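Chain residues, written in single-letter form:
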Amino acid sequence: MSITVTLQEKRVFAPSKDFVQHAAIDAKTFRAWQAQAKKNPQKYWEGAAQELRWKKKWTKVQKTKKGSMSDTQWFLGGKLNVADNCLDRHVEENPNRLAILWEGEPGETVSWTYRELLIQVQAMTAGLRKLGLAKGDRVAIYMPLVPEAAVAMLACARAGLTHTVIFGGFSSEALKDRINDAQAKAVLTADGGYRKGAWLPLITHVDTALKVCPTVKDVVILKRADVGGANRFKKAVGEVDGTSTAKRHDWYSLTGSLKADEVKKLGQPEWVDSEHPLFILYTSGTTGKPKGIVHSSGGYLVGALRSSRMVFDLKPTDLYWCTADVGWITGHTYLVYGPLAAGASIFMYEGAPTTPTLDRFWDMIERHRITILYTAPTAIRAFMKLGTQHPKGRDLSSLRLLGSVGEPINPEAWMWYRENVGGNRCPIVDTFWQTETGSIVISPVPAQTRAKPGSATFALPGYDVAVVDKGGKPVKLGSGGFLVIRKPWPSMARTIHGDPERFKTQYFTEFPGLYFTGDGARIDKDGYIWCMGRVDDVLNVSGHRLGTMEIESALVSHPTVAEAAVVGRPDDLKGQAVVAFVTLKADASAKIKNDPVAASQAKSDLRVHVTKEIGALARPEEIRLTESLPKTRSGKIMRRLLRELAVSGQVKGDTTTLEDFSVIASLQHSDEE
Ligand code: PRX
């Protein structure tokens, strides 16, 4: 990992007496959970499951097929509905509690109580059913971060539809691939949204994608101007143009045109089996094709709820803000499902942290009196660079807890966060987890754990985490190894959509009998875990997960490219930056030889191409054109060498002309990668 996580094992921060005194989970309960999880994990998780509302109780807590952890089911025989748990039961208790407070980038706000959110969700559930969608169908969601994005997810959950949310920053190509892999029957989208003051026309990408998505029959389009339901009852927008046969529906016309008794009837929750797939979320791995990670309903929500309460110390008086987009797992578990299942009030913000002013985040915390902030180290490092005057210029005294997620947080950023945002008063929870784990695995429990800056500290109860050597044996305290989970947990991914074999080989074969995260970690003398970053070909750029092979595939799909190799380079802000080594086909190569202008144009064309194929988040920071790639005698690209070159910049000379690696490669005697 690029950012140096210097192990500062001695510096320890305990939560304040005040925080401990008012904690949602007291020390006694926490210790009892820890003890039970150790002794009898199934019993522990059964207790957690009892915090949900089940239509039918499970008959068996957990079943693992022939000792193979990859084939595990939880709460068998149980029936529930995720939206019922996130909405109805809170409405029955207190309909007027704030569910979502949203602010758009241009500054407008929407505030929905649990009752109002339920009404929106019921109407969309009825709308989706009216379109003919039924339990088990897949629905793609490609939306800006507006409250209707949560409505979309919850309406799918309510109708028993499996959603796949695709981040709005992904290109039409990436959108098309995901829709087709999931075989989605409908797309929920918007005409666009705002980011950094610019208008992002999402519908244009949808229209392009749908020309080659034969399974999609209906497209529901939210007008950004209608967010919050202000301009309801508009006329429908008519048929889609182009070659797609999908029908277009205006969001609020679809929901607004239904009669009250229709909404009542069609808006009812579908009671699904605990194992029913709630969603598919695509994430990058070590191959060129992103994997559709499938999550269950019951087990997933049990993990989401228990961890939300334990890690974020949620109380009815909190206004909790998770800055993640719904396109990522954090936006699923800790923006929507976990906090809503806990009955919390959530804050949601559409846009960029520094638009229109550099203190936009702090301004919103001050104005809305936000109490919990959960964000990514990359954002914290960007704020550090902007200077302390921005957080200092605002009243952040409402904050009582801070969180970090997505990549290792360097101790310097941790300390800056604590001092300048948390006023040296708020505990910090550095939470390690993954798309595949569904919920937080390693994190401090704020009132119970003494934190060390840069360490995610300890596994939560019920997650059997270990740092192991190559042979799968736990390493001694004070050493490093590979991060694994040794026993099944309820919110673990169930499979890869359409590729169950890959699910097994990807996660359960490296260390037989164990789940391998793909991360390296150290365990210090006190047993604290320090997550050090990926040990495979997965990059972490600004907390976004990207496969090197995925970017390479995008590059080689360009007509001028012969070969490409992508590596990560440490970056002070982004954690890692994408560096691509590219060899061009003979005629393209001849064109740029001794022509710096043509070479520069070729690089810029390739950047545009990657943006088109995947999205701006994958655009290489640097492209190096080379006549050949350094390879071992057996023909494997020497990535380690390329990484060294990317980091140290050893290969000097005019980068606008070709670099010749043959000399360097010939100096390498080793045949290993
Ligand atoms: O490398 C780890 C890193 O992010 C990866 C998971 O990425 P994704 O599935 O996109 O989920 C991100 C949000 C949960 C992990 O394999 N990672 C995540 N959180 C941390 C982290 N690395 C170190 N410390 C963390 N707190």
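Note: the structure precedes this text.
Here's a quick rundown of the structure. Not measured: the values here are computed from a predicted model.

1. A look at the pattern of salt bridges
Under the defined criterion, the tally for this structure stands at 46 salt bridges. The residue aspartate 250 makes a salt bridge to lysine 223 at a minimum N-O spacing of 2.8 Å. Here aspartate 250, found in strand β12 (residues 247–250), pairs with lysine 223, found in the loop between β11 (218–222) and β12; they are 27 residues apart in sequence, far enough to count as distant.

2. Here we look at the sheet that holds strand β18 (residues 372–375)
Here 7 strands make up an open sheet; going across it, the order is β5-β4-β17-β16-β18-β19-β20 and the pairing mixed. Bordering the open sheet on either side are β5 (109–113) and β20 (428–431), each of which pairs with just one other strand. The mean inter-strand angle of the sheet, taken between neighbouring strand axes irrespective of direction, is 15°. When strand β16 (residues 319–322) meets β18, the two strands line up parallel, connected through 3 bridges. Bridge pairing in β18 links tyrosine 320 to isoleucine 372.

3. Brief notes about the packing of aromatic side chains
Counted according to the given criterion, the structure contains 36 aromatic pairs. Among the aromatic residues, those joined into a ring-pair cluster are Trp321, Phe347, Tyr349, Phe361, Trp362 and Phe383. Here the basic side chain of arginine 178 rests over the ring of phenylalanine 170, its NZ or CZ set 4.3 Å away from the ring centre. It is lysine 452 that lies over the ring of tyrosine 528; its NZ or CZ is 4.3 Å from the centre.

4. What about the sheet that holds strand β22 (residues 479–485)?
Taken in spatial order, the 4 strands line up as β21-β22-β24-β25 in an open sheet, and their pairing is antiparallel. Strands at the two margins of the open sheet, each flanked by one partner only, are β21 (465–468) and β25 (529–534). Neighbouring strand axes in the sheet, compared pairwise and without regard to direction, differ in orientation by 40° on average. Pairing analysis gives 5 bridges linking strand β24 (residues 515–523) to β25, with the strands arranged antiparallel. Following the sheet pairing, isoleucine 523 is matched in β25 by isoleucine 529.

What counts, and where the lines are drawn
- Residues numbered from 1 in each chain as written.
- Predicted model: local features only at pLDDT ≥ 70, side-chain atom pairs only at ≥ 80, totals over all residues.
- Heavy atoms only, no water.
- Salt bridge = Lys/Arg side-chain N within 4 Å of Asp/Glu carboxyl O.
- Helix = DSSP H or I, 4+ residues; strand = E, 2+ residues; numbered from the N terminus.
- Pairing = 2+ DSSP bridges.
- Axes fitted to C-alpha atoms, helices over the stretch in contact; angles between N-to-C directions.
- Phe/Tyr/Trp six-rings, centres within 6.5 Å; stacked < 30°, edge-to-face > 60°.
- Lys NZ or Arg CZ within 6 Å of the ring centre and 35° of its normal.

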